[in-house]
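What follows is the residue order along each chain.
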Amino acid sequence: MNLLFCSDSDDIDAYQSAMSRYLPEARLVTPQAPGPPEAVRYALVWAPPPGVFARFPALRAVFNLGAGVDGLLAQDDLPAAVPVFRLEDAGMAPPMVEWVLYGVLRFHRDFDLYAQEQAAGRWTRRSVRPAGDITVALLGIGALGRAVARQLDGLGYRVRAWSRRPREMDGITVRHGPEGLHAVVTGADILVCLLPLTGQTRGLLNRALLSRLAPGAAVLNPARGAHLVDDDLLELLDSGHLRGAVLDAFDPEPLPPGHRFWSHPRVRLTPHVAAPTLVEPACAQIASTIHRLERGDAPGPTVDRDAGY
Ligand code: NDP
Ligand code: OXD
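These numbers come from a predicted model, not from an experiment.

Engineer: Describe helix α6 (residues 177–185), with residues and values.
Structural biologist: Residues Gly177, Gly180, Leu181, Val184 and Val185 constitute the buried set of α6. Axial view of α6: buried residues confined to an arc of 120°, hence all on one face. The exposed set on the far side of α6, more than 90 degrees from its buried face, consists of Pro178 and Glu179. Where α6 is buried, its residues touch β6 (135–139), β7 (158–163), β8 (173–176), β9 (190–193) and α7 (207–210). One or two steps after α6, the chain reaches glycine 187, where phi turns positive at roughly 80°.

So this is what it looks like as structure tokens:
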């Protein structure tokens, strides 16, 4: 079974070896050496080059080698009738939880302020606020956001969550839709964005929304750079309304040299590493879907192209 493998940022040998354990008949081929195009029924892709799908008329499914499908859905040649699958958790939830916890603790336990005190050679002790005094607004409670919500709730933070459709989570206030957004964000101490990038969420983290956070609040964005209006965040940091930000995703990536985020004293950034795709669980998930498709069983959730995620 030939699987088209199309990613400049993933190691094909690692995927071949992992995939062989779950789908022994799988042979990964590339657009440069694809073999007979009609033998390729499945494609595993991350940021594929334009025009690649048109070369493989027998495709039965496209697998996105990541959680966010914004880049893939923007490809003009993605065949309309072919189902698209994305990675759902696939081992990414624990590292994402860790990344968010770093950001939450940085501001809750004043590590940002202690770094300044150390640089100035000052011994200043602050009182420790209980986690229950910190309100976290969590935008998005999907495969990753849900894990984050549970962890923060378990540690005692006051979590308010936001989804597109009505959702319930034990012990957590969940609001949905545009009308639920303000209630979640207003007065929150820390905002965490774990939304997909869609027409509805692009530019959502703008001046109007961020101004609703409590004075001295912090912003954590490990989702997509285009959720955030960079200049609005910088303005609110410079005015002192916001205390700091930890960012993992940027628009564009890599973040261009000279961008103010690189040197801003209240911004900490990581280069899109919050939760990288893990080869083994990714292959296990993809192979399990291919097995179901080959048997003619219901394959599990596909990407909703109208919703954009
Ligand atoms: P999911 O698709 O599982 O969850 C998305 C969540 O966002 C859902 O709760 C959904 O609501 C909500 N949502 C979507 N649109 C709206 C809207 N218009 N209004 C309110 N809520 C909305 O995504 P994942 O948890 O798997 O991943 C989230 C994002 O994280 C990815 O799209 C990607 O951009 C980013 N990511 C970043 C990584 C990194 O290393 N930096 C790694 C992996 C992912 P509902 O529940 O109603 O559907
Ligand atoms: C993803 C990502 O979407 O790495 O998986 O950002």
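Here the narrative resumes, following the displayed structure.
Engineer: So what about the site of ligand 1? Which residues, and what values?
Structural biologist: Neighbouring ligand 1 are 29 residues; Arg86, Arg165, Arg167, Pro222 and Tyr309 lie closest to it. Tyrosine 309 places a side-chain nitrogen or oxygen 2.5 Å from an oxygen atom of ligand 1. Out of a free accessible area of 940 Å², ligand 1 has 95% covered by protein chains. Within the residue set of the shell around ligand 1, elements represented by two or more residues are α5 (143–154) and β7. The element best represented in the shell around ligand 1 is α5, accounting for three residues. Considering only residue class, the shell around ligand 1 consists of 15 nonpolar, eight polar and six charged.

Engineer: An account of helix α3 (residues 93–108) is needed here, citing residue identities and associated values.
Structural biologist: Between its first and last C-alpha atoms α3 spans 22 Å; for 16 residues at 1.5 Å apiece the expected length is 22 Å, and the two agree. Burial analysis of α3 places 12 of its 16 residues in the buried class, the great majority of the element. Taken together, the buried positions of α3 are Ala93, Pro95, Met96, Val97, Trp99, Val100, Leu101, Gly103, Val104, Arg106, Phe107 and His108. Taken together, the buried residues of α3 touch α4 (111–119), α5, β9, β10 (217–221), β11 (242–247) and β12 (267–269). Downstream of α3 by a residue or two, aspartate 110 has a phi angle that is positive, lying close to 65°.

Engineer: If you had to explain the side chain of histidine 264 to someone new, which residues and values would you point to?
Structural biologist: Structurally, histidine 264 can be placed in the loop between α9 (260–263) and β12. Relative accessible area serves as the criterion here: at 6%, histidine 264 is assigned to the buried category. Among the polar contacts listed, one links the side chain of histidine 264 to the backbone nitrogen of arginine 266, at a separation of 3.0 Å. Here histidine 264 is in contact with Leu234, Leu237 and Asp238, once residues within four sequence places are set aside.

Engineer: Quick one: what's the story with the pairing of strand β1 (residues 2–7), residue by residue and with numbers?
Structural biologist: Here β1 lies mainly inside the structure; six of its six residues are buried. With burial as the criterion, each face of β1 is covered, one bearing Asn2, Leu4 and Cys6 and the other bearing Leu3, Phe5 and Ser7. For the crossover that starts at β1, traverses helix α1 (residues 12–22) and ends in the parallel strand β2 (residues 27–29), the hand is right-handed. Pairing between β1 and strand β3 (residues 40–46): six bridges, direction parallel. When the bridges of β3 are listed, asparagine 2 appears paired with valine 40.

Engineer: So what's going on with the sheet that holds β2? Which residues, and what values?
Structural biologist: What the five strands build is an open sheet, ordered β2-β1-β3-β4-β5; its pairing is parallel. Each edge of the open sheet is held by one strand with a lone partner, namely β2 and β5 (84–85). Helix-sheet contacts for α1 involve β1, β2 and β3, and the interaxial angle to β2 is about 155°.

Engineer: Residue-level account of the packing of α1 against helix α10 (residues 279–295), with values.
Structural biologist: Contact pair α1 / α10: the axes reach a minimum separation of 9 Å and the direction vectors enclose 50°. As far as their axial angle goes, α10 and α1 are oblique. At the point where α1 passes α10, the crossing takes the right-handed sense. Each of Ala14, Tyr15, Ala18, Met19, Arg21 and Tyr22 in α1 lies in contact with α10, whose residues at this interface are Val279, Glu280, Ala282, Cys283, Ala284, Ile286, Ala287 and His291. Its residues assigned to classes, the contact of α1 with α10 shows 11 nonpolar, one polar and two charged.

Engineer: I'd like to hear about the site of ligand 2, residue by residue, with values.
Structural biologist: Close to ligand 2 lie Trp46, Gly66, Ala67, Gly68, Met92, Arg224 and His272. With respect to ligand 2, the backbone of glycine 68 contributes an N or O atom lying 2.7 Å from an oxygen atom. Arginine 224 places a polar side-chain atom, nitrogen or oxygen, 2.8 Å from an oxygen atom of ligand 2. When ligand 2 is considered free in solution it has 200 Å² of accessible area, and contact with the protein chains removes 86% of it.

Engineer: Requested: an account of the nonpolar core, with residues and values cited.
Structural biologist: Within the largest apolar cluster, 54 residues are counted, with the highest numbers of intra-cluster contacts made by Leu3, Met19, Phe63 and Leu220. By residue number, the principal contributor to this core is α3, which donates eight residues.

Reading guide: rules and limits
Residue positions are counted from 1 within each chain, in the order its sequence is given. Written order determines the labels here, with chains lettered from A and ligands numbered from 1. Totals for whole chains, interfaces and linings use every residue, but because this is a predicted model, local features are given only for residues with pLDDT of at least 70 and side-chain atom pairs only at 80 or more, for both listing and counting. As a convention, hydrogens and water are excluded, and side-chain values are obtained from all of the structure's heavy atoms. To sort residues, take the accessible area from a 1.4 Å probe on protein chains only and compare it with the maximum for the residue type: under 20% means buried, over 50% means exposed, and anything in between is partly exposed. A run of H or I in DSSP counts as a helix once it spans at least four residues, and a run of E counts as a strand once it spans at least two, with each numbered from the N terminus. The arc in question is traced by the directions running from the helix axis to the C-beta atoms. Here, residues are in contact when the closest pair of their heavy atoms is within 4.5 Å. The nearness test applies per residue and asks whether one of its heavy atoms lies within 4 Å of the molecule or strand. Residues adjacent in sequence count toward polar contacts only when both atoms are side-chain atoms; beyond that, a polar contact is any pair of N or O atoms within 3.5 Å, and within protein one must be able to donate a hydrogen and the other to accept it. A 1.4 Å probe and the Shrake-Rupley method give the accessible areas. Residues count as covered only by the protein chains that appear here. Three residue categories are used. Nonpolar comprises Ala, Val, Leu, Ile, Met, Phe, Trp, Tyr, Cys and Pro, charged comprises Asp, Glu, Lys and Arg, and polar comprises the others, including Gly. A helix is expected to span 1.5 Å multiplied by its residue count minus one. Seen with its strands pointing away from the viewer, a crossover is right-handed when the path leading from the first strand over the helix to the second is clockwise. By this definition, two strands are paired if DSSP reports at least two bridges between them. All axes are obtained by fitting lines to C-alpha atoms, using only the stretch in contact for helices, and the reported angles, taken between N-to-C directions, cover 0 to 180 degrees. Roughly parallel refers to an angle under 35 degrees, roughly antiparallel to one over 145, roughly perpendicular to one between 65 and 115, and oblique to any angle outside these ranges. Crossings are assigned a handedness: left-handed for a near helix turned anticlockwise from the far helix by less than a right angle, right-handed for a clockwise turn. Here, the term nonpolar core denotes a set of buried Ala, Val, Leu, Ile, Met, Phe, Trp, Tyr and Cys residues that are joined through side-chain atoms within 4.5 Å.

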